[in-house]
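Given next are the chains, with one letter for each unit.
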Amino acid sequence: MILAIETSCDDSAIALIGMDGTLIANEISSQIDFHEKYGGVVPEIASRQHSTTLPLMIRFIQQKYNVNFKDLKAIAVTYAPGLIGSLLVGVSYAKTLAWVHDVPLIPVDHLEGHLLAPFLDNPDLQFPYLGMIASGGHSHLVVAKGLGNYELLGKTIDDAAGEAFDKTAKMLGFKYPGGPIIDRIAAEYPSPDIKFPIPLQGKKTLNFSFSGLKTAVRNAAMERGVYKEKEKLISYDEFQAQSESDHKNNVRNIAASFQSIMNKIIYRRFDEALKKTGLKRIAITGGVAANDGIKKALGELAKKRKINFYHPTRKNCTDNAAMIANVALRYYIEGRNIDQDFLKLNASPRSPLSVMPLASVD
Ligand code: KG4
Ligand code: ZN
């Protein structure tokens, strides 16, 4: 089995995968309670939490799953991209475990983890496919041709898709992470009527841009008197508990209108990329792939084009270590990326996939 560690941002995650691909353990320790009052992730708090949580999680996993670390074939770890302090804790801990158990280390790119995560829950998925990594830090539209063989068709030129959800939610007074809150509110408000602009419309590009949308949301919130700046941020449950009012309805309308434009933006990019590539499989991954509105839109696109649509389960969309274990196992089987000289491995805020140049889409 391979033990995988993921600490690129604010969640400490550990997974164990058998050499036949069976997931033995997939545990996540969320730090959300430590960060939400600040409206975002505080890097110093995140690394401190990882350093106290990882040893506890290892002991917990050994006991809960009754596993013997003598059976480990390798340790996998996310080495990039992400918060450097958080990554450093994971990499240092993984090196220590690899040293202690005398096994090699497999460094994994967090984005490759997300990109290949749909394999975890969809045994029929095969390369090549058109995948979108939509997370809090990235919005990459990628042709996944094979293991380690990727072509970048488009990426965000400003904010990431998850960032757009979080910023919109924050302007409406919601705690971090705002994506799941907007998702739930939109599902309960089927006829939103604010027409937000589609960014980069008419431009010959498969890139994304979400910062203009942020301004449009701010204007809509200000016009309706619901823009929040200094007030205490609230959760979905606290919002639901408020008595019904025009104010509450305006918040719902803005959140649902924003969700609706995000569905359209992502639907269109996939549609255009499919026209260019002729691919027969699409997948969305990363935290934003947990979003029901976006999954529904892509499901409709797949139906229209008679192609297959894949996405990970909700747990495997957001940051987790199963996706890191999945990538590591694939490389291990092919005898690639196995680092015997792992003491030299460094964490990095950027990875090859995160800075990959755009392929020509003409
Ligand atoms: O992949 P992820 O867990 O971490 C990064 O690598 O960034 O993604 C986190 C992002 C956050 O911006 C969060 O608001 C967003 O994913 N997210 C969602 C949903 N669940 C998480 N966005 C929209 N709808 C959701 N249901
Ligand atoms: Zn992620």
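Here, the structure is the one placed above.
Below you will find a few notes about this structure. (Residues numbered from 1 in each chain as written. Chains lettered and ligands numbered in written order. Predicted model: local features only at pLDDT ≥ 70, side-chain atom pairs only at ≥ 80, totals over all residues. Heavy atoms only, no water.)

Some points on the sheet that holds strand β8 (residues 149-155)
Thought 1: Read across the open sheet, the five strands follow the order β8-β7-β6-β9-β10; overall the sheet is mixed. Here the strands that pair on one side only, and so sit at the sheet edges, are β8 and β10 (308-310). Here the strands of the sheet are splayed against their neighbours by 20° on average, with no regard to which way each runs.
Thought 2: In this structure, strand β7 (residues 139-146) lies alongside β8, joined through six bridges in antiparallel fashion. Opposite V143, over in β8, you have E151 as the bridge partner.
Thought 3: Lying over the sheet, helix α10 (residues 246-277) contacts β6 (129-134), β7, β8 and β9 (281-285), oriented at roughly 150° with respect to β6. (Pairing = 2+ DSSP bridges. Helix = DSSP H or I, 4+ residues; strand = E, 2+ residues; numbered from the N terminus. Axes fitted to C-alpha atoms, helices over the stretch in contact; angles between N-to-C directions. Contact = heavy atoms within 4.5 Å.)

Quick notes on the site of ligand 1
Thought 1: Looking at ligand 1, there are 20 residues lining it, with G136, D166, D183, N291 and D319 nearest.
Thought 2: Within the side chain of H110, a nitrogen or oxygen atom sits 3.2 Å from an oxygen atom of ligand 1.
Thought 3: In this structure, G287 approaches ligand 1 through a main-chain N or O atom, which is 3.0 Å from an oxygen atom.
Thought 4: Relative to its free-state accessible area of 560 Å², ligand 1 is covered by the protein chains to the extent of 91%.
Thought 5: Elements represented by at least two residues in the shell around ligand 1 include exactly α4 (110-116), α6 (161-171) and α7 (179-187).
Thought 6: Classifying every residue of the shell around ligand 1 by side-chain character gives five nonpolar, 11 polar and four charged. (Near = heavy atom within 4 Å. Polar contact = N/O pair within 3.5 Å; in protein donor to acceptor, adjacent residues only side chain to side chain. Areas by Shrake-Rupley, 256 points an atom, 1.4 Å probe, with all protein chains shown as cover. Nonpolar A, V, L, I, M, F, W, Y, C, P; charged D, E, K, R; others polar.)

Here's the deal with a nonpolar patch on the surface
Thought 1: Among the surface-exposed residues, W99, V100 and L343 lie close enough to one another that they form a single nonpolar patch of about 370 Å² accessible area.
Thought 2: Mapped onto the elements, W99 comes out in helix α3 (residues 84-101). (Patch = residues over 30% accessible without salt bridge, like charges linked within 9 Å, V, L, I, M, F, W, Y side chains within 5 Å. Salt bridge = Lys/Arg side-chain N within 4 Å of Asp/Glu carboxyl O.)

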